[in-house]
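Fold and contact review
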Amino acid sequence: MSRKKAGKGKNANSSPTTGSPTGKQKGKTGKSTVGTGSVVQANGMVHPSRPSLSNSSEFYDIAFKVMLVGDSGVGKTCLLVRFKDGAFLAGSFISTVGIDFRNKLLNIDRLKVKLQIWDTAGQERFRSVTHAYYRDCFLIMSLLLLSSPPQAWLTEIHDYAQQDVVLMLLGNKMPCLSVSLQEFGVPYMETSAKSGLNVELAFTAVAKELKHRSMKEPNEPKFKLQDYVNKEMKSAGCAC
Ligand SMILES: Nc1nc2c(ncn2[C@@H]2O[C@H](COP(=O)(O)OP(=O)(O)OP(=O)(O)O)[C@@H](O)[C@H]2O)c(=O)[nH]1
Ligand SMILES: [Mg+2]
């Protein structure tokens, strides 16, 4: 399989059509081209079109766009920084302005999977910017504090995202409250950007789901995101 080099994230406060950080341009086919000629399909999956130049970890086999949404202050930026850099952003809270992204490569079933993770601003005044990015995303991780129920975000995702978008609810900052998340009928888990609890697992699980969706062999059983997460948490001895 050909491999493409992963780029770096940078701030992007404009809508995808007015210049996304990936340098995307609309083509006649309804697909979009990214950077050095990769093709973005309507479902947000990126297929590299350039042959591998090296075995460097910067090269990937397949890429997906993932979006973090949720109220301001729930920990979206901290979760992404924890996943990308292994650090916790302690100190004063700096609210995200507009939208930003980071790339991260994961090894999934011997494939290099690039996640392009979009960190959105939770503040209401940036909502129209965020809406413009929903349709292009393959997976949405909605972060919650359980003091604010997720219905509003589920409605928003229903209104703006593709019908078959993968959705996962993350209860950040408040581990061990899975019972409350269970009732919404979508995969869920608890994370902590502060301690790092389940952060790697959350992103690995969604990368596996996306990889299975796009490359499933005919006789291969369907990947069950929630079952995988539960099993991994159990074997890691997670108290929840
Ligand atoms: N205790 C604890 N605090 C956290 C955790 N994650 C984030 N925080 C704190 O919560 C505050 C908000 O975190 P951010 O990641 O900036 O929140 P955000 O969701 O990106 O907010 P917006 O950019 O405004 O949408 C910061 O003060 C963080 O230090 C966590 O897992 N545990
Ligand atoms: Mg933020």
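What counts, and where the lines are drawn
Chains are numbered independently. Their residues run from 1 in the order of the written sequence. For this description, chains carry letters from A and ligands carry numbers from 1, given in the order in which they are written. At least 70 in pLDDT is required for a residue's local features to be given in this predicted model, at least 80 for side-chain atom pairs to be given and counted, and no such filter applies to totals for whole chains, interfaces and linings, which use all residues. Just so you know, side-chain values use all the structure's heavy atoms and leave hydrogens and water out. Only DSSP runs of H or I with at least four residues qualify as helices, and only runs of E with at least two residues qualify as strands; both kinds are numbered from the N terminus onward. Exposed residues in this analysis have more than 50% of their type's maximum accessible area, buried residues have under 20%, and partly exposed residues fall in between, with area computed by a 1.4 Å probe over protein chains only. One heavy atom within 4 Å of a molecule or strand is enough for the residue carrying it to be called near that molecule or strand. Side-chain atoms alone can form a polar contact between residues adjacent in sequence; in general such a contact is a pair of N or O atoms within 3.5 Å, and within protein one must be able to donate a hydrogen while the other accepts it. To be clear on the numbers: accessible area is Shrake-Rupley with a 1.4 Å probe, and residue cover counts the displayed protein chains and nothing else. Asp, Glu, Lys and Arg are counted as charged, while Ala, Val, Leu, Ile, Met, Phe, Trp, Tyr, Cys and Pro are counted as nonpolar; the rest, among them Gly, fall into the polar class. Any N, O or S atom lying within 2.8 Å of the metal counts as a donor, with the limit raised to 3.2 Å for Na, K and Ca; because water is left out of the atom set, some sites can appear incomplete. As a per-residue measure, pLDDT tells how confident the predictor is, with possible values from 0 to 100. Only heavy atoms matter for contacts: two residues are in contact if any of them lie within 4.5 Å across the pair. Working definition: the arc comes from the directions between the helix axis and the C-beta atoms, pointing outward to the latter.

In the nomenclature of an unreviewed UniProt entry, the protein chain corresponds to RAB26, member RAS onco family from the organism Salmo trutta.

Although it is not a glycine, arginine 110 adopts a positive phi angle of roughly 70°. Topologically, arginine 110 is positioned in the loop between strand E8 (99–108) and strand E9 (111–120). The class of arginine 110 is exposed, set by a relative accessible area of 78%. Non-glycine residue asparagine 198 carries a positive phi angle of around 65°. Position of asparagine 198 relative to the elements: it lies in the loop between strand E12 (188–191) and helix H5 (199–215).

So, on to the side chain of glutamine 162. Within the secondary structure layout, glutamine 162 lies in the loop between helix H3 (151–160) and strand E11 (166–172). Looking at glutamine 162, the relative accessible area reads 11%, which means it is buried.

Attention shifts here to the site of ligand 1. Not every one of the 21 residues close to ligand 1 is listed here, only the nearest: Ser72, Lys76, Ser95, Thr96 and Gly122. Residue threonine 77 places a side-chain N or O atom 2.9 Å away from an oxygen atom belonging to ligand 1. Expressed as a share of its isolated accessible area of 660 Å², the protein-covered part of ligand 1 is 87%. In terms of residue count, helix H1 (residues 76–85) provides more of the shell around ligand 1 than any other element does, 3 residues in total. Looking at the shell around ligand 1 residue by residue, the classes come out as 7 nonpolar, 10 polar and 4 charged.

In this fold, leucine 105 is placed in strand E8. Assessed through its relative accessible area of 26%, leucine 105 is described here as partly exposed. As for leucine 105 and serine 235, which are separated by 130 residues in sequence, their C-alpha atoms are 24 Å apart.

Right, let's get into the coordination of the magnesium ion (ligand 2). Within the protein, the magnesium ion (ligand 2) binds to Thr77 (OG1) and Thr96 (OG1); these donor distances fall in the range 2.0 to 2.1 Å. Note that threonine 77 is positioned in helix H1 and threonine 96 in the loop between H1 and E8, a separation of 19 residues in sequence. Threonine 77 sits in the partly exposed class, given a relative accessible area of 24%.

Confidence along the protein chain averages 76 in pLDDT terms, with 69% of residues attaining 70 or more. Scored below 50 in pLDDT, residues 10–44 shows 76 contacts in the model against residues more than four places distant or in partner chains. Every residue in residues 46–56 scores below 50 in pLDDT, and together they form 31 contacts with partners more than four places removed in sequence or on other chains. Two summary scores accompany this predicted model of the complex, namely pTM at 0.79 and ipTM at 0.99.

Our focus in this paragraph is helix H6 (residues 225–235). For H6, the set of buried residues is Leu225, Gln226, Tyr228, Val229 and Met233. All buried residues of H6 lie within an arc of 160° about the axis, which places them on one face of the element. Those residues of H6 that are exposed and angled more than 90 degrees off the buried face are Lys231, Lys234 and Ser235. The secondary structure elements touched by the buried residues of H6 are E11, E12 and H5.

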